[in-house]
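Single-letter residue listing:
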Amino acid sequence: MRYQIRHAIVKYAADLILDDVNFEIHDSEKIAVIGRNGCGKTTLMKLIAGEISMSNLDSDEECGIMMAGEQRIGYLKQISFEDSEISVEQEILKVFAPVFACETRMQELSKLLQEKSDKQLLNEYAGLQAKMEALRGYSNRQDMETVFQRFGFALADLHRPIGTLSGGQQTKIAFIKLLLSRPDIMLLDEPTNHLDMPTIEWLEGYLKNYNKAVVIVSHDRMFLDHVIDVTYEIEYHQIKRYKGNYTAFLRQKEEAMEKQQKDYEEQQAEIRRLTAWIEKWKNTPTKVSATRSKRKVIEHMVLVEKPRRFDTKAFQGQFIPRITSYTEVLNVKGLKVGYDSVLSKVSFRMNRGDRIAVIGENGKGKSTLLKTLVGMIDKLGGNYSFGDRVEWEYFDQQAAVAESENPKKTVLDDFWDEYPTLKEVDVRNALGSFLFSQDEVFKELGQLSGGEKVRLALCKLFKRQPNLLILDEPTNHMDLVGKDALEKMLKAYTGTVLFVSHDRYFIREIATGILSFEENETKYYPMGYDSYLEQKGKDINTKAASVTVKQSQKAEPTLSDVFDKKTYYNPGKVLSRLKQTLAKYEKMLAESEERQAELQMEQMNPELATDYEKLTELENAIAEEERKQEILLERMLETENELHDME
């Protein structure tokens, strides 16, 4: 066991946050901490990180925190870089300070060992070698560049001053540093926020194969299913451990709830039966002993607590468009989107009832497309048109959670200002359906959390009863129950939906079509998310097979190609051919190394974890590339020797 919390209580002032918490981290477990917004998930993370202390009395001997030896705990805190003038590379390299210290000491020992052989020095050197391997010191440069690029950066960005990056980019740099530092216990609070799908999928594989412990707070259900093997739920200030991922947790919790309900009902029925028997015979002299016996049975029962239902309080309501649009809702032809330059060229058509998810890497123009369609950004070319009787509304999560211009205005007044003709009862009913009830409507806008701001924005949007919803990241800042509620609302919605999202579970549940922003094109797939993944898998396999065939058709050149009878006796031509051949070898070696890197990254795909046939195929392909590289290196050495002799 790496880490253990026993019977912890955490309070903020008089408010109880966590009660009687028992929490354990074993070996390389990947643990999820889930629960409603505000239930204490981040508080638990801060407790593990040592940023806050337990609130237990000093006399409480049962409580405590224990660790197996010294455990390095890494936690992504609020971002603050000491020197904004240094380069991104210099900032990231700070995490390799232990590696550089090892290298320096190993160089010192190497010099000492050249002078004399000493067993103690040899042992120290061997220990440092083992430490370097454990720290992945021999591949730190490769690791840094791989992770850096996976987070959407170009290698040239390594030389930018850290202060020139945006807040979101600086958050990614801090995340990269945490991953590269490889702590014994890694604490991640909403790690998939603001990451695009390819990065999330890569992160899943990285964390799944991470050989130390990870504790994750996340509302990304598919991410939790792919990574997690233990789930802790915080509910009603209590915490409970479940074996398995998020889906397994839901099943176990439902089964446990059903069993507890059944046990409770059976016990209550037995108590009623015994009590009725006692009441019937308590005044009968011959039944005194039996009556006393049955009373003791009741007194000695271990009472089964009546199960409390899931905390599933969420916004709800059925929203019907004010009018029905005609069949064609939106037609986009060769639309060029971007700011100063074109990011993407888009063509697709939406019909009534479609729910199209816009997906792809960050920076390709997904949100820019939505802003262009609603007129916030001018188009750079092409055309688009809305159909007859289309009434659209636009939701932007960044605008929804931004600071209000009137932070002192209440939720009630803010909503009423948008709909001044409504009666107070109608305003309260509308707000109540989005969990703003009773005194909640008098909350000031400046006091609202991100999730509450999103709920308020959606409440105002749905009240307008549009027949086309254009949504940019609607599930950001929502907890799991909130996401589930929004899914149900959108499934029941009879209008049309165009939305940008990186939440794959949400996309799978909602989307009837996929608009994918890919590397060199934007492609529309008239199918759900699972069918889209299947189609993409077929496309990738076809492309890979084509590349393999083409590579197999390329014969590896030899020196006999240079020294043929026509050119052998012309030294100038031979020298020129040798240089050309060497350049050709170098190009082929670079292509092989790039191909090998692509195969290795594909091998890390978590979706292939149980596809042993595919994994074997990848292993063979990687081995073939390694063999090819060895041959090319030998040929390059031969060619360089020939060049050296002729020059």
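These numbers come from a predicted model, not from an experiment. (Residues numbered from 1 in each chain as written. Predicted model: local features only at pLDDT ≥ 70, side-chain atom pairs only at ≥ 80, totals over all residues. Heavy atoms only, no water.)

Looking only at helices and strands, the protein features 20 helices and 18 strands. Structurally, the protein occupies a C-alpha span of about 125 × 80 × 50 Å along its principal axes. Carbon and sulfur atoms provide 48% of the accessible area of the protein, an area that totals close to 34800 Å². Distance between charge centroids for the protein: 5 Å, based on 90 positive and 106 negative side chains. (Helix = DSSP H or I, 4+ residues; strand = E, 2+ residues; numbered from the N terminus. Areas by Shrake-Rupley, 256 points an atom, 1.4 Å probe, with all protein chains shown as cover. Lys, Arg positive; Asp, Glu negative; His and termini not counted. Charge placed at Lys NZ, Arg CZ, Asp CG, Glu CD.)

Further remarks concern the sheet that holds strand 11 (residues 342-351). The three strands are arranged 11-10-13 in an open sheet whose pairing can be described as antiparallel. Each edge of the open sheet carries a strand with a single partner, namely strand 11 and strand 13 (381-386). Neighbour-to-neighbour, the strand axes of the sheet open up by a mean angle of 15°, direction not taken into account. Of the strands in this sheet, strand 10 (328-338), strand 11 and strand 13 touch helix 11 (residues 366-373), which is tilted by about 120° from strand 10. (Pairing = 2+ DSSP bridges. Axes fitted to C-alpha atoms, helices over the stretch in contact; angles between N-to-C directions. Contact = heavy atoms within 4.5 Å.)

Quick look at the pairing of strand 7 (residues 213-217) now. Remember that side chains alternate between the two faces of the sheet whenever the strand is regular. Along strand 7, five of the five residues are buried, which leaves the element largely enclosed by surrounding structure. As paired strands, strand 6 (residues 185-189) and strand 7 are joined by five bridges and run parallel to one another. In the strand pairing of strand 7, I185 is matched with A213. Crossover handedness for the path strand 6 to helix 7 (residues 197-208) to strand 7: right-handed. (Buried < 20%, exposed > 50% of the residue type's maximum accessible area, 1.4 Å probe, protein only. Right-handed = clockwise from strand over helix to strand, strands pointing away.)

Moving on, we come to the sheet that holds strand 5 (residues 73-75). Taken together, six strands build an open sheet; the order of strands is 5-6-7-3-8-9 and the sheet is mixed. Unpaired on one side and paired on the other, strand 5 and strand 9 (238-243) mark the two borders of the sheet. The mean inter-strand angle of the sheet, taken between neighbouring strand axes irrespective of direction, is 20°. Helix 6 (residues 167-181) contacts strand 5 and strand 6 of the sheet and is inclined by roughly 160° relative to strand 6.

In terms of domains, the protein is made up of domain 1 (73-249), domain 2 (251-300), domain 3 (328-527) and domain 4 (573-645). One C-alpha centre belongs to domain 1, the other to domain 2; they are set 57 Å apart. (Domains from an automatic or database assignment.)

Membership of the largest hydrophobic core comes to 49 residues, with the highest contact counts inside it found for I92, F151, I173, I176, L179, L207 and I216. In terms of residue count, the dominant contributor to this core is helix 6 (seven residues). In this structure, L422, F434, V454 and L471 belong to the second largest nonpolar core, which totals 42 residues. (Core = buried A, V, L, I, M, F, W, Y, C linked by side-chain atoms within 4.5 Å.)

Time to look at the side chain of D225. Structurally, D225 is set in helix 8 (residues 221-227). For D225, which is buried and forms no salt bridge, the nearest opposite charge comes from R508, at a distance of 5.7 Å. In terms of polar contacts, D225 uses its side chain to reach the backbone amide nitrogen of Y246, at 3.3 Å. Those residues within four positions of D225 in sequence are excluded, and the remaining contacts are N245, Y246 and T247. (Salt bridge = Lys/Arg side-chain N within 4 Å of Asp/Glu carboxyl O. Polar contact = N/O pair within 3.5 Å; in protein donor to acceptor, adjacent residues only side chain to side chain.)

Moving on, we come to the packing of aromatic side chains. Within the structure shown, the criterion is met by 19 aromatic pairs. Relative to F175, the ring of F151 has its centre 5.3 Å away and its plane inclined at 75°; by these criteria the two rings are edge-to-face. With a gap of 24 residues between them, F151 in the loop between helix 5 (140-150) and helix 6 and F175 in helix 6 connect regions that are remote in the sequence. For the pair F151 and F175, one class covers both residues: buried. Aromatic pair F499 and F506: ring centres 5.5 Å apart, planes at 80°, arrangement edge-to-face. (Phe/Tyr/Trp six-rings, centres within 6.5 Å; stacked < 30°, edge-to-face > 60°.)

A few words now on the environment of K243. Of note, K243 is situated in strand 9. Residues K243 and D229 lie 14 residues apart in sequence; the distance between their C-alpha atoms is 6.5 Å. In contact with K243, not counting residues within four places along its chain, are E29, D229, V230, A248 and Q252.

Attention now moves to the pattern of salt bridges. The final tally for this structure, using the stated rule, is 34 salt bridges. The shortest N-O distance in the salt bridge between D157 and R160 comes to 3.8 Å. Judged by its relative accessible area of 29%, R160 falls in the partly exposed class. Of the charged contacts in the structure, one is a salt bridge between K491 and E509, with a shortest N-O distance of 2.8 Å. You can see K491 sitting in helix 16 (residues 480-492) and its partner E509 sitting in helix 17 (residues 504-510), a full 18 residues away along the chain. One continuous salt-bridge network, built from bridges that share partners, spans E393, D414, E418, K460 and R464.

Once that is clear, we can look at helix 4 (residues 119-134). In this model, helix 4 (16 residues) spans 23 Å end to end at C-alpha, consistent with the 22 Å of a helix rising 1.5 Å per residue. Looking at the buried side of helix 4, the elements it contacts are helix 3 (97-115). With a side-chain oxygen lying 2.8 Å from the backbone nitrogen of Q120, the N-terminal cap of helix 4 falls on D118. Phi turns positive one or two residues past the end of helix 4, at R136, with a value near 55°. (Expected span 1.5 Å × (residues − 1).)

Further remarks concern the environment of K491. The exposure class assigned to K491 is partly exposed, which follows from its relative accessible area of 41%. Between the C-alpha atom of K491 and that of A174, which follows or precedes it by 317 residues, the distance is 38 Å. What K491 contacts, discounting residues up to four positions off in sequence, is R355, E509 and I510. Of note is the side chain of K491, whose polar atom sits 2.8 Å from the side chain of E509.

As judged from the seven bridges shared by strand 1 (residues 3-12) and strand 2 (residues 15-25), these two strands associate in the antiparallel manner. Across the sheet, the residue bridging to Y3 is I25, located in strand 2. Hairpin connection, strand 1 to strand 2: the antiparallel pair is bridged by two residues, and A13 has positive phi, about 55°.

To continue, consider unusual backbone geometry. Although it is not a glycine, R182 sits at a positive phi angle of roughly 50°. Tracing the backbone shows R182 in the loop between helix 6 and strand 6. A positive phi is found at E190, a non-glycine position, where the angle reads about 50°. Along the chain, the position of E190 falls in the loop between strand 6 and helix 7.

Turning next to the environment of L575. Within the element layout of this structure, L575 appears in helix 19 (residues 571-603). Spatially, the C-alpha atoms of L575 and E642 are 8.9 Å apart, while their sequence positions differ by 67 residues.

So, on to the packing of helix 9 (residues 246-281) against helix 10 (residues 288-299). Relative placement of two packed helices is described by the angle separating their axes and the distance separating the axes. For the pair helix 9 and helix 10, interaxial distance at closest approach is 10 Å and the crossing angle is 155°. Of the possible angle classes, the one that applies to helix 9 and helix 10 is roughly antiparallel. In the packing of helix 9 onto helix 10, the handedness of the crossing is left-handed. For the pair formed by helix 9 and helix 10, the contact residues are I271, L274, T275, W277, I278 and W281 on the first element and A290, T291, K294, R295, V297 and I298 on the second. (Parallel < 35°, antiparallel > 145°, perpendicular 65-115°, else oblique. Left-handed = near helix turned anticlockwise from the far one by under 90°.)

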